[in-house]
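As a plain string of letters, each chain reads:
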Amino acid sequence: VIGVLRLRKGIPSRTAGFGLGLMILGVGLVGLQLVPLPPGLWTILPGRQFVVESLAASGSPLGWMPLSLTPPETRAVLLALLPSLAMFIAAMSLRPEDRKFLAIGLLIAVVASVLLGLAQKFQGPASPLYWHENSSVGSATGPFANRNFFAALLYSSIPFIAALAVVWTRRRDMNRLLIAIFAFTVLAVVIIGLGATGSRAGIVLAIVAVLASGLLAWGKPNVERGPPVSRFGVLAQFGAFFLIAQFGLVGILRLAQTDPVTDYRGDIYSVSLKALTAFFPMGSGFGSFVPVYAMHETPITILNSYVNHAHNDWLELIIEGGLPMALILAAFLIWFV
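These figures come from a predicted structure and were not determined experimentally.

(A) Focus on the overall build of the chain. Within the chain, the regular secondary structure consists of 13 helices and two strands. Here the chain holds 337 residues, and the buried ones make up 36% of them. Considering only contacts within the chain whose residues lie at least 6 apart along the sequence, 71% involve residues at least 24 apart. Carbon and sulfur atoms form 71% of the exposed surface of the chain, whose accessible area is close to 18,500 Å².

Structure, rendered in structure tokens:
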């Protein structure tokens, strides 16, 4: 609410406004799944026939029902979206120079998380530093329960390192040697953290992040203190730096552990695709993946492990959100690029 009040004078840019619109659409879609629908409409939605048959067999009347098959879980998802929405609005309400403090705060948290992850790794599975009972013990997970989540924090921080370095380099009152040392040190910490996680997907995405971050040097110059340096100069300076980082990431990738879930990911995908087909185009409801997945398992595809996610966020979101979610994801990709 405070962030919205601070935006009374307008959204800072068209790009920010489009991003806010996407977030509102996403939250609105989750809320829409909780709106009760009349029986005549609800019964024609794909994948609902088993509910109709169960109620008929028990002699219970079919009343107004929400689109989501698991309303309590969908309400939990709606609440879980509010912090990220609030953070996005809060960031938009800040002046550009103040947003740098958010980036610096993020990088401080990243460095602290890597130190925690390294301590977990060195102490082994019995380390008391794991924050969650269901943590991927034996791997560096930092403050998360899963090493892939930790890796996501690390590769997401790479563009912030590059952005701060590029902006500071364009200022005439900043020492470029100190900027290079800062960028090299933080990026080295991130690479070490990725190696400790052993997440192959995380390392691959970090390579993509390193390559794409070089494009930030082509952004609009920010004239803060005197004329900006040449875009080509910035690009050359950081191009060599990021090239070195790439070799480090590729080397770590060769040594990274294979995720145990990799062996049966194909089975999970095949069952998930059946669920997607059964509930498309309206989806089964956000938070409903676990029971929906279990409905489509067979004796051949059932696993010893408990499957609580599709291990593919895009696939899982479309199972739960249907075609509307797929359209929002497509719009997000266009906006992000």
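After that view, the rundown keeps rolling.
(B) The arrangement of the packing of aromatic side chains in detail. For the structure on display, the rule yields five aromatic pairs. Aromatic pair Phe289 and Tyr293: ring centres 5.4 Å apart, planes at 35°, arrangement tilted. Within this pair, Phe289 and its partner Tyr293 are both found in helix H12 (residues 289-295), separated by four residues, close to a single helical turn. What makes Tyr293 buried here is its relative accessible area of 2%. Counting every residue linked through ring pairs, the aromatic cluster contains Phe332, Trp335 and Phe336.

(C) Summary view of the nonpolar core. Formed by 27 residues in total, the largest nonpolar core has its most connected members in Val114, Leu154, Ile158, Ile161, Val190 and Leu194. When residues of this core are traced back to their parent elements, those giving at least two are helix H6 (96-123), helix H7 (147-169), helix H8 (176-197) and helix H9 (200-213). Counting residues per element, this core draws most heavily on H8, which supplies nine residues.

(D) Structural view of the packing of H6 against H8. Taken N-terminus to C-terminus, the directions of H6 and H8 make an angle of 40°; their axes are 9 Å apart at the nearest point. Here H6 and H8 pass one another in a crossing that is left-handed. Contacts between H6 and H8 involve Leu107, Val110, Val111, Val114, Leu118 and Lys121 from the first element and Phe182, Val186, Val189, Val190, Ile192, Gly193 and Ala196 from the second. Residue classes in the contact of H6 with H8 are distributed as eleven nonpolar, one polar and one charged.

(E) Local environment of helix H2 (residues 14-32). Look at H2: 26 Å from first C-alpha to last across 19 residues, which is about the 27 Å you get at 1.5 Å a residue. Of the residues making up H2, those classed as buried are Ala16, Gly19, Leu20, Leu22, Gly26, Val27, Leu29 and Val30.

How each quantity is defined
- Residues numbered from 1 in each chain as written.
- Predicted model: local features only at pLDDT ≥ 70, side-chain atom pairs only at ≥ 80, totals over all residues.
- Heavy atoms only, no water.
- Helix = DSSP H or I, 4+ residues; strand = E, 2+ residues; numbered from the N terminus.
- Buried < 20%, exposed > 50% of the residue type's maximum accessible area, 1.4 Å probe, protein only.
- Contact = heavy atoms within 4.5 Å.
- Areas by Shrake-Rupley, 256 points an atom, 1.4 Å probe, with all protein chains shown as cover.
- Phe/Tyr/Trp six-rings, centres within 6.5 Å; stacked < 30°, edge-to-face > 60°.
- Core = buried A, V, L, I, M, F, W, Y, C linked by side-chain atoms within 4.5 Å.
- Axes fitted to C-alpha atoms, helices over the stretch in contact; angles between N-to-C directions.
- Left-handed = near helix turned anticlockwise from the far one by under 90°.
- Nonpolar A, V, L, I, M, F, W, Y, C, P; charged D, E, K, R; others polar.
- Expected span 1.5 Å × (residues − 1).

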